[in-house]
Amino acid sequence: MLTGKNILLGVSGGIAAYKMANVASMLTKLHADVHVMMTRNATHFIPPQTFEVLTKNKVYLDTFDEAPDDAVHVPHISLGTGADCILIAPATANVIGKIANGIADDMLTTTVLPARCPILVCPSMNVYMLENPIVQDNIGKLKRFGYQIIEPDEGYLACGYEGKGKLPKEEELVERILLACACEKDLSGKHVVVSAGPTEEPLDPIRVITNHSSGKMGYALAKAAAYRGAKVTLVSGPTALEKPIGVERVDIHTAEEMYQAVTSAAETADIVVMAAAVADYTPATVADQKIKKKEGDLSIPLKRTKDILLSLGQNKRQGQFICGFSMETENLLENSSAKLSKKNADMICANSLTQEGAGYQVDTNILTLITKDGTEQLPMMSKLEAAHRIFDKILSLQTPRETEEA
Ligand code: CTP
């Protein structure tokens, strides 16, 4: 995902510096060209050689470390201007203070100055140091100048205190870099609403009617849209998945709650993708108390839920793109094409439950994209790749709002 990207890691002297070896390794596995700049104090916690082995690049501590033949390239300028993203983590109070005040007295602080790319700063220190108004003022100043601050986690700190100041998990730091620079921001300025996961229809205080949806396809769509710069609202039924970073998640349980949440978010949406497996029926009544078993069988009267996609299609605003999913066990194309016209959708992504590598629970999907202009069969691919192909298609079909308004 980071092929061809130059990522700079600025490591300053906090105990969490050792965790950055894992970050460097994860980024290298994503095919980034990773360069590390360390402060002298950081070398007390992790040797530069660790990063050099992991990244295959020289680690710079000081601008005067530049080798004589580097004079042509001037690394603190070429690294800074050539970077696609810089992450400073852990960022100590000292480094934050220097950058906020334009002090450039080592390789890290000097390289940041000419950079034009997104710069992410993750403060990591003792909770009282972090709360210090001077440190807070410096962090505020960085924010005002467009630096992205990654909030530190709360927990047990190495100094023995409990509180805010921990470096977040390595996966989160990598995710922030992906958000900042993995994709072209071709959904920037757009509001994308995605529904995901199953719904749960209660029978009594203990039981629900639900389905096997894992939410993986919807979460991949939300993530892809966020990578591409969209403002994303993810309306999610109960799943075991973590909220994607950079996405606003609205948690719901029932089909009615999903209807309310999606309809409300759709008021400002440019694109709505209904990837959720919404229950078509819900128990006609919900028992206040647990339904006790009796002799003989039990029938449960069900009533229809609202068809959210149909309602979105009927109330579509000009320029709004409505995309549905279709899960079938037979007559995939015929049944899915019927949903396109019946629900006034702009696209239906059809997947068959009978094909291996498609459907619920798995990490891959095999989709057919159906629009009024025809069908496009996609091969088996990861759900994240499939999500990107869906947005590629939507962008190729969507009439820019500005053109319509002109
Ligand atoms: N959908 C919806 N509201 C419902 C049911 C489904 O918005 N009450 C949406 C799904 O999120 C999906 C699309 O409609 O995007 C198609 O869902 P699917 O379950 O495949 O089909 P149904 O419309 O339920 O039709 P059928 O039961 O006949 O297959």
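In this text, all values refer to a predicted model and were calculated from it rather than measured experimentally.

A. The arrangement of the layout of surface pockets in detail. If you add up the space inside the largest pocket, you get close to 980 Å³. Residue lining of the largest pocket: 39 residues in total, with A276, A277, V278, D280 and M327 positioned closest to the centre. Elements with a contribution of two residues or more to the lining of the largest pocket: α9 (216-227), α11 (308-314), β16 (321-328) and α12 (332-342). The greatest single-element share of the lining of the largest pocket, amounting to four residues, is contributed by β16. Here the lining of the largest pocket is built from residues that sort into 15 nonpolar, 14 polar and ten charged. Counted as a void, the second largest pocket has a volume near 530 Å³.

B. How the structure looks around the confidence of the model for the protein. Of all residues in the protein, 96% attain a pLDDT of 70 or more, and the chain-wide mean is 94. Note that pLDDT drops below 50 for residues 401-406; the model gives that stretch six contacts with residues more than four away or on any other chain.

C. Structural detail: the packing of aromatic side chains. Taken as a whole and judged by the stated rule, the model has one aromatic pair. For the ring pair Y128 and Y161, a centre distance of 5.2 Å and an interplane angle of 90 degrees mean the geometry is edge-to-face. Of this pair, Y128 sits in helix α6 (residues 127-131) while Y161 sits in the loop between β6 (153-156) and β7 (162-166), placing them 33 residues apart in sequence. Between the NZ or CZ atom of R304 and the centre of the ring of Y281, over which it lies, the distance is 5.9 Å.

D. Geometry of the pattern of salt bridges. For the structure shown, the criterion picks out 17 salt bridges. A salt bridge links D106 to K98, with the shortest nitrogen-to-oxygen separation between them at 3.9 Å. Judged by relative accessible area, D106 falls into the buried class, the value being 9%. With a relative accessible area of 13%, K98 lands in the buried category. One salt bridge in this structure joins K339 and E328, with 2.5 Å as the shortest N-O distance. With K339 in helix α12 and E328 in strand β16, this residue pair connects regions lying eleven residues apart in the sequence. Through salt bridges that share partners, K98, D105 and D106 make up one connected network.

E. Representation of helix α3 (residues 75-82) in the model. By the burial criterion, the buried members of α3 are P75, H76, L79 and G80. When α3 is viewed along its axis, its buried side chains cluster within an angular range of 120 degrees and face the same direction. Contacts made by the buried residues of α3 are with β1 (6-11), β2 (33-38) and α5 (107-112).

F. Structural detail: the nonpolar core. Ranked by size, the top nonpolar core spans 71 residues in total, and within it L9 and I390 carry the most contacts. By residue number, the principal contributor to this core is α9, which donates nine residues. In this view, I390 contacts M217, L221, C323, F325, M347, C349, L367 and L369; residues no more than four positions away in its chain are not counted. Among the nonpolar cores identified, the runner-up in size contains 27 residues, and I86, L108, L130 and I139 belong to it.

G. Fine view of the site of the ligand. Surrounding the ligand, one finds 17 residues, the nearest of these being M274, A276, L309, K339 and K343. Contacts to the ligand include L309, whose backbone N or O atom sits 2.8 Å from an oxygen atom. Here an oxygen atom of the ligand sits 2.8 Å away from a polar atom, N or O, in the main chain of F325. Its free accessible area being 560 Å², the ligand has 77% of it covered by the protein chains. Assessed atom by atom at 2 Å from the grid points, the ligand resides in the largest pocket. Contributions of two or more residues to the shell around the ligand are made by α11 and β16. Counting residues per element, the shell around the ligand draws most heavily on β16, which supplies five residues. In terms of residue class, the shell around the ligand is built from eight nonpolar, three polar and six charged.

Reading the values: rules and limits
- Residues numbered from 1 in each chain as written.
- Predicted model: local features only at pLDDT ≥ 70, side-chain atom pairs only at ≥ 80, totals over all residues.
- Heavy atoms only, no water.
- 1 Å grid on protein atoms, 1.4 Å probe; cavity = no way out; pocket = protein on both sides within 12 Å on 5 of 7 lines; lining within 4 Å.
- Points joined across faces, edges and corners; volume = space filled by probe spheres on them.
- Helix = DSSP H or I, 4+ residues; strand = E, 2+ residues; numbered from the N terminus.
- Nonpolar A, V, L, I, M, F, W, Y, C, P; charged D, E, K, R; others polar.
- pLDDT = per-residue confidence, 0-100.
- Contact = heavy atoms within 4.5 Å.
- Phe/Tyr/Trp six-rings, centres within 6.5 Å; stacked < 30°, edge-to-face > 60°.
- Lys NZ or Arg CZ within 6 Å of the ring centre and 35° of its normal.
- Salt bridge = Lys/Arg side-chain N within 4 Å of Asp/Glu carboxyl O.
- Buried < 20%, exposed > 50% of the residue type's maximum accessible area, 1.4 Å probe, protein only.
- Arc of directions from axis to C-beta.
- Core = buried A, V, L, I, M, F, W, Y, C linked by side-chain atoms within 4.5 Å.
- Near = heavy atom within 4 Å.
- Polar contact = N/O pair within 3.5 Å; in protein donor to acceptor, adjacent residues only side chain to side chain.
- Areas by Shrake-Rupley, 256 points an atom, 1.4 Å probe, with all protein chains shown as cover.
- Sits in = over half its atoms within 2 Å of the grid points.

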